[in-house]
Amino acid sequence: MSMFENNKGVENMSANQDYFETRVDMSAEPISVDEFLADEETRESSTNRRDFLKFLGFSVAAATIAACEAPVTKAIPYLVKPEDITLGKANWYASNYYDGNTFASIMVKTREGRPIHIKGNKEFGFGAGAISPEVAASVLSLYDGERLTAPLVKGAESKWSDADTAIIKALNSIKDKGGKVALVSNSIISPTTQIIIGEFAEKFGNVEHIQYDAVSYSALRSANEKSFGKAAIPSYDFSKAEAIVSVGADFLNGWLLSNIYRAQYATNRKPENGNMSKHFQFEANMSIAGANADVRGMFKPSQYASVLAAIAEGVGAGSIPGVSAGDAKNSKEVQQAVAALKAAKGKSLVVCGENNEALQIITNKINHYLGNYSTTINLNDAVNLFQSQDAALNTLVNNVIKGTGVDGVIFFGANPVYSHPKGKAFGEALGKLDLSVSFASWNDETAAKCQYVCPDHHALEAWNDHNPVASIYALAQPTIKPIHNTASAQESLLVWMGNANRSGRESTVYYNRIRQVWEQYGYPASTGFASFEDFWNVSVHNGNTTPEVIVQEAPVFAADLAGLAAALPKFDGGVELVMYTKTSIGVGTQAGNPWLQEMSDPISKITWDNYITMNYKEAQDAGYNVVMDQEHGATLAKITVNGVSLELPVIPTPGQTKGTVGVALGYGRGENGERIGKGAFKTKEYGGYEEQDGKRVAIGQNAFKFVSIANGALSFSGSAKIEKLSGTYPIASTQFQLTAMGRASIVKETTLESFLNDDEVGYNLPHKLMTHHGPEAVSKFDLWKSHPVEHIGHRWALSIDLSSCIGCGTCLIACQSENNVPVVGKDEVRRGREMAWLRLDRYYKSEDELAIGTKKEDFSFTRLEKNIDENPTVVFMPMLCQHCNHAPCETVCPVAATTHSNEGLNQMTYNRCIGTRYCANNCPYKVRRFNWFNYPSYKKFTEINPSQDDLARMVLNPDVTVRTRGVMEKCSLCVQKIQEGKLKAKVESRPVVDGDVSVACADACPTNAITMGDWNDTGSAVRKASAEKRAYQALEEVGIKPNIWYQVKVRNHDNNELRERQKAVAEKRRHDEARFADHGHEDNHEGGH
Amino acid sequence: MHKEAAIREPLVLGHKTFHDVTNDVCQPIEGKAPRMWYILFTIAAIIGLYGVGCILYLLGTGIGVWGLNKTVGWAWDITNFVWWVGIGHAGTLISAVLLLFRQKWRMAINRSAEAMTIFAVFMAGLFPLIHMGRLWMGYWVLPLPNQFGPLWVNFNSPLLWDVFAISTYLSVSLVFWYIGLIPDFATLRDRVKNPLSKRMYSLLSFGWSGRAKQWNRFELVSLVLAGIATPLVFSVHSIVSFDFATSVIPGWHTTIFPPYFVAGAVFSGFAMVQTLMLIMRKAFKLEAYIHTKHVEYMNIVIMVTGSIVGVAYITELFISWYSGVEYESYAFINRFSGPYAWAYWSMMTCNVFSPQLMWFKKLRRSLLFTFIISIVVNIGMWFERFVIIVTSIHRDYLPSSWSMFYPTAIDIGIYIGTIGLFFVFFLLFARFFPVLPIAEMKTILKTSGESYKNETESKH
């Protein structure tokens, strides 16, 4: 029965029940597709003549269809359309993301009932809805084929009733014998969950709830307790700080609520406002914050104390007894920081990244002295994340290993077997307990050691509530019905207490409980709502409650400084190791997510691995391989910390402090081949997993083994021994070149002073040709007939602010998710074939440059290429198709597969492409990506590419074609979103305005570095941005007229040499132009005679 | 009758009669093939089949089996294409341009040079086909009326010009070659005993009877075709060079390319002719027809074109500096000092320095030396294309995308395979087709033959 039949004639209009029943009957006729598609076993009747004809007909049809290019294999239409789902139209739901480390307010895009994309809830969300790559990528983890589909009892899939019965029995018997149960969770920020856990503890008596974070900030809490009597993590506000000093804290990546800080930080980095915050970073690793710093000092972790002491002394907060300011006092960078802090007293912020109480107390002392507690730090609006009770967990771990004092453990969102330094022994000892349960969604390291695994929903499948900071309550709503037979952990706890019954996937147990809690506590505390229903609906719609204003008040600093020296971190004088988290993998929660594994690290540009970062010169001198590419891997080294050794490749990293090395956490997940996700393991060159002893091999090494416990807190730095090994290790990097080669029209940089006071020609030299008519802009000259886009209809354009781009990489994942960009795996990335439509170019400053892109008077190309500054500045440059109005790719395509739209887009017609790759060769930006293989079906990509997996395929955006082998692809400027925006405006009968149309990267950007809009609309933000003093087009002189403008990077530092040079350049140019203009005028004059 | 100065070196050595000429050319075809032929054929066929295997793997799996990457979208594929097209240049130049210039010495070599041209163009044509991501859609490059609405080819694209240039060149060369073969096929038809061979040659000779009118038309057609083919010699490689010259890539975007590519093509084509000719004259005992003088003439062409190419290289370097364009300068600095400097200097040594040795008369008349140089030149010319293509795109505008190119086994397999296939074709040609133009040879026998020259000389 075709859908067209239903539209026939009047009977449809007056359709009654009878009519539809007849229809249904007709469709039930036995001549159905099932009959000839059925399996051999299920087909009962023998083949008769009519069947034979049907087979014949079908085979011919099938053969014909198979001969066509892309047969549609499955298309399941809605028989009855759900009310709120319109085919082809996306529904957006506000929700919230929390994985134990990151909290973000999100908007989830669903299509035909499946979530396919996540962006920040910028309108209502907490922290301006800033997200991170992990948040954006979590939508893919939802569809991970290795997620548990049902509860496990002793490793075997079973029914919920069986698991429940056994667990209840065990819990009761422990209770009866007076035993103890520990509930080990990550930091619980859900008020309802806390209540449920409280009830659970009450019901079973001796239940200890231990909160544990893989990366712990326990020392920060205890330092605050000692300093101000409040064991809390305060809310920091980087947007209010005029001077920011960070000692080893990568607050733009990984440190506390870094995704939120990114947004805050960027608001105060806009030179157009006339001032910018001044950011000082003192650190060992080249971190994201360090890469963005105005002034960066290189120090070892063992020197952090003296840096802080020097600052304390310098600003006048007094000296710290027993802590010498030492050499740090003489450091130029520290002195500058001191001066800046003094100047910005009361509007500054000092943060320290070490999980060490003594260092945090000194930091508190400085902030307190500077008066920051009433401006940039709010101790009253406490952060509820990071409640880690390191000491309690250590006791538990030791007890379990010893086999005393605890009889049962329940794990909820925590994976200590992987992330705790004693994880291995702990995991082995778990078997001795009476009861071990995990709520993990994957049968992860800890879950695999547990008797029972009761898989929790994925966050996108479940209701939840959150209280990330004291001032705001948030709600997470499900965006899809649970895919598997999972149940929310809270429901499980309630069931075990006997307070609820299981009711399958449709269960509303936890939902009802959340509503009850919100009605009981949230509603009475809120104002302006007619009823609870009203309050609830608004909260669900916005994703959270309106933030309460929590007044800051300067606390009294009461810590005793005397004993601090003894509590400082200890180092043995050798190489110092600093563990960090990457912006992609974080602490490894989503290690099985191929998008995150393939996301190139903003600093190292390396994918699919963790490694040792070592000072570039030091590595070179020690004989480590510094030139790496497809065929030349990184030298391996053995790194030993506290007797634990790992073999890792060494990546020479400019800006790494001499005598220190860095290793990223979050790798080496699934060391014993645990089923933690398809993307978490190494694959072979021609597909299939690499195997060792029959187990899949984990990607990278687990650096959590290096975490030590000092003064009861987990410490993420320590002393290490490095031993060079003879072997090399293949590295999959997306960029091998370190510098911009002094090329002036790619990246432009200037100082704030220059920007505010000097001629913009100096730092943003326009490309002009000196003609007989006088100097003319390059854009005036055309070899080709212009596309009529400049003043007709729309002309889509982008403005990218290099000052705002901090290089977090959220845009990369957003682009991948929106545009179905394939994942190609380590081997292909190594071969330089990553498919990213949008990439983040990273350039270090060379010693032969004054700033990136400005050559010194005396330079050589060889030196430019190799002599990286000891402590280089870094620029990140998002690079994507520039949608040139005179695109070099368009002219060379023999079959016109890439053409220009009348809205200024350079569009790619996949169906027409024959794959000559000429366009890619002729692209000056090298942003075109070729489908070297059939990623959606070739065996090499089975394990990693989501489009090869029936479940993971659900994440694909149905508006964007999955490209086949042999065709070229590239950024389309999210043409599907443009179309959507245009249609929206059309339906509403109004012109398209800013905000109707956006691109995924701009939506995802936490710092709003990317602005998209219609350049022909003179009022649009992008049009205005393109006329700014800082606006320029990369490689403008090639004459290709891009539709993307970049904004010159402005750094708030004193670089007088650069400023003088730029002044001179401006002067010379003005002079030249004047001269040529005069000359040109004379010429014209003569011509006139 | 045409007279030739006595001091001119004869073109046919010894005392050859018309009958001798016919015999010398036809006998190798009529007799049994020597063992060497079978050995060579087997080797060539194996290599060729290996190449075909690699091509099938490529077509079945994807372009990814080559070593290309996001930055270097063309490497060995287009290098091989340009190299083979270049080799394919000598034949038509020899038969058409030299015909127009009435260079009689061309007669000894034109037949096999033309055959070589055609086979080389076959090999060349293969690469643009297989380098396509979707070969099965390859016919879209032809401006065929189609059902896709107004969608047609893009006449702005040099790749499209290539399609026209190569196909025109191939068809004209093929016709030219075939027309020349007709009288000789007729000779073979009249000589062979085997009925099957007779039938074949009879078909191939189009009923040639050797009447004066036919000869007259034959001459006319040859001249007309030579007229058509001559501009093609210059156009084909000029157009191939447009693939690069019209781009925006530093190192590609060079106006000097058309003449430079044509000179390079003649250079490599002549070198290949030398290589093949030196082997063939030995194998087929044609020393009387192809001798030192011919080799010397060709060496002079090699020397001159080699020098043109050398000047072009130096001009490129000068202009890159003189232009003051940052990217352009770096592209050339990178060429001679970057990671592919070894390829650049191999090219320089093979193409610029080695042909200069031809200034020495002794060396340019030495067959062994010529043989070595002819191979060296073709190695050099392969590197020239590699240098132009790969070292330009591997480091272009944005340093973030710079990369290297490493060939895979399939890259190598297909390249070697085309050499095998080329020799398969060439050996079949040598076995079944008259390798010298019998009829044409006879026209110069009485004027440029050694014994006749001496006779005329003594009469005076």
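Residues numbered from 1 in each chain as written. Chains lettered and ligands numbered in written order. Predicted model: local features only at pLDDT ≥ 70, side-chain atom pairs only at ≥ 80, totals over all residues. Heavy atoms only, no water.

1. Notes on the overall build of chain B
So, step 1. In terms of regular secondary structure, chain B is built from 17 helices and 0 strands.
So, step 2. Over its C-alpha atoms chain B spans a radius of gyration of 23 Å, differing by no more than 12% from the 23 Å that the globule rule assigns to 460 residues.
So, step 3. Reported as C-alpha extents along the three principal axes, the dimensions of chain B are approximately 75 × 55 × 45 Å.
So, step 4. Taking all 460 residues of chain B together, the buried fraction comes to 60%.
So, step 5. Long-range contacts, defined here as pairs at least 24 residues apart, represent 82% of the contacts in chain B between residues at least 6 apart.
So, step 6. As presented, chain B carries roughly 18300 Å² of accessible surface, and 72% of it is formed by carbon and sulfur atoms. (Helix = DSSP H or I, 4+ residues; strand = E, 2+ residues; numbered from the N terminus. Rg over C-alpha atoms; globule rule 2.2 N^0.38 Å. Buried < 20%, exposed > 50% of the residue type's maximum accessible area, 1.4 Å probe, protein only. Contact = heavy atoms within 4.5 Å. Areas by Shrake-Rupley, 256 points an atom, 1.4 Å probe, with all protein chains shown as cover.)

2. Things to note about the pairing of strand β45 (residues 1044-1047) of chain A
Residues and elements named next belong to chain A.
So, step 1. Judged by which residues are buried, β45 turns out to be covered on both faces: Ile 1044 and Tyr 1046 on one side and Trp 1045 and Gln 1047 on the other are all buried.
So, step 2. Two strands pair when backbone bridges link them, and strand β34 (residues 796-801) and β45 are joined in this way by 4 bridges, in the parallel orientation. When the sheet's bridge partners are listed, Ile 800 is paired in β45 with Tyr 1046.
So, step 3. Direction of pairing for strand β44 (residues 1031-1032) relative to β45: antiparallel, over a ladder of 2 bridges. Bridging across to β45, Tyr 1032 finds its partner in Tyr 1046. (Pairing = 2+ DSSP bridges.)

3. So, the interface of chain B and chain A
So, step 1. Between chain B and chain A, the contact holds 61 residues from the first and 65 residues from the second.
So, step 2. For the pairing of chain B and chain A, the buried interface totals around 5100 Å² over both sides, and the portion due to carbon and sulfur atoms is 54%.
So, step 3. Broken down residue by residue, the surface that chain B buries against chain A is led by Lys 70, Arg 134 and Leu 398 of chain B, which jointly contribute 16%.
So, step 4. Inspection of the region where chain B meets chain A yields 5 salt bridges.
So, step 5. Residue Arg 917 of chain A is joined to Asp 77 of chain B by a salt bridge in which the shortest nitrogen-to-oxygen separation is 2.9 Å.
So, step 6. Applying the counting criterion to the chain B and chain A interface returns 44 residue pairs in polar contact (both at pLDDT 80 or more).
So, step 7. Element by element, the count of residues in the side of chain B that touches chain A is highest for helix α2 (residues 35-61) of chain B, at 5 residues. (Buried area = accessible area lost by both parts, 1.4 Å probe. Salt bridge = Lys/Arg side-chain N within 4 Å of Asp/Glu carboxyl O. Polar contact = N/O pair within 3.5 Å; in protein donor to acceptor, adjacent residues only side chain to side chain.)

4. Focus on the pairing of strand β6 (residues 181-185) of chain A
Consecutive side chains of a regular strand alternate in pointing toward one face of the sheet and then the other.
Residue and element names in this part refer to chain A.
So, step 1. Taken across its 5 residues, β6 has 5 buried, putting it largely inside the fold.
So, step 2. Side-chain alternation along β6 places Val 181, Leu 183 and Ser 185 on one buried face and Ala 182 and Val 184 on a second face that is also buried.
So, step 3. For the crossover from β6 across helix α8 (residues 191-204) to strand β7 (residues 207-211), the handedness is right-handed.
So, step 4. Bridge count for β6 against strand β14 (residues 408-412) is 5 bridges, and the pairing is parallel. Along β14, the bridge assignment pairs Leu 183 with Ile 410. (Right-handed = clockwise from strand over helix to strand, strands pointing away.)

5. Remarks on the sheet that holds strand β29 (residues 717-729) of chain A
Residue and element names in this part refer to chain A.
So, step 1. Read once around its circumference, the closed barrel built from 6 strands follows the order β19-β24-β21-β23-β22-β29, with strand pairing classed as mixed. With strand direction ignored, the average angle separating the axes of adjacent strands in the sheet is 45°.
So, step 2. For strand β21 (residues 612-615) and strand β23 (residues 644-653), the ladder comprises 4 bridges, and the chain directions are parallel. Paired with Ile 612 across the strands is Val 650, a residue of β23. (Axes fitted to C-alpha atoms, helices over the stretch in contact; angles between N-to-C directions.)

6. Describing helix α11 (residues 326-337) of chain B
Each full turn of the α-helix corresponds to 3.6 residues, which orients residues three or four apart in the same direction.
So, step 1. Helix length check: α11 of chain B, at 12 residues, gives a terminal C-alpha distance of 16 Å against a target of 16 Å (1.5 Å per residue), a fit within 8%.
So, step 2. For α11 of chain B, the elements touching its buried residues are α27 (861-866) of chain A together with α10 (292-322), α12 (341-356) and α14 (367-393) of chain B. (Expected span 1.5 Å × (residues − 1).)

7. Regarding the confidence of the model for chain A
All names here are of chain A.
So, step 1. Overall, the prediction assigns chain A a mean pLDDT of 88, with 92% of residues at 70 or greater.
So, step 2. Note that residues 1-17 has pLDDT below 50 and, in this model, 12 contacts with residues that lie over four places away or in other chains.
So, step 3. Ignoring residues within four places in sequence, the model shows residues 1082-1089, a span with pLDDT below 50, making 3 contacts including any to other chains. (pLDDT = per-residue confidence, 0-100.)

8. Observations concerning the state of the cysteines
So, step 1. What the rule picks out here adds up to 0 disulfides over all chains.
So, step 2. This cysteine, Cys 450 of chain A, is not joined by any disulfide, and Cys 454 of chain A carries the nearest cysteine sulfur, 9.6 Å off. (Disulfide = S-S within 2.5 Å.)

9. Some remarks on the environment of Pro 569 of chain A
Residue and element names in this part refer to chain A.
So, step 1. For Pro 569, the position within the fold is in the loop between α20 (532-542) and β19 (575-580).
So, step 2. With 28 residues separating them in the primary sequence, Pro 569 and His 541 have C-alpha atoms 47 Å apart.
So, step 3. Apart from the residues lying within four places of it in its own chain, the contact partners of Pro 569 are Asn 356 and Leu 359.

10. A closer look at the packing of helix α5 (residues 110-130) of chain B against helix α6 (residues 158-191) of chain B
All names here are of chain B.
So, step 1. Between α5 and α6, the least distance of the axes is 10 Å, while the angle of their chain directions is 145°. Here α5 and α6 pass one another in a crossing that is left-handed. Contacts between α5 and α6 involve Arg 111, Glu 114, Ala 115, Thr 117, Ile 118, Phe 119, Val 121 and Phe 122 from the first element and Ile 166, Tyr 169, Leu 170, Ser 173, Leu 174, Phe 176, Trp 177, Gly 180, Leu 181 and Asp 184 from the second.
So, step 2. Class assignment of the residues belonging to the contact of α5 with α6 gives a composition of 12 nonpolar, 3 polar and 3 charged. (Left-handed = near helix turned anticlockwise from the far one by under 90°. Nonpolar A, V, L, I, M, F, W, Y, C, P; charged D, E, K, R; others polar.)

11. Re the environment of Pro 1006 of chain A
All names here are of chain A.
So, step 1. Its place among the elements puts Pro 1006 in the loop between α31 (1000-1004) and β43 (1010-1014).
So, step 2. Residue classification places Pro 1006 among the buried residues on the basis of a relative accessible area of 7%.
So, step 3. Residues Pro 1006 and Ala 263 lie 743 residues apart in sequence; the distance between their C-alpha atoms is 5.2 Å.
So, step 4. When neighbours within four sequence positions are excluded, Pro 1006 is seen to be in contact with Ala 130, Ile 131, Asn 259, Arg 262, Ala 263, Cys 808 and Thr 810.

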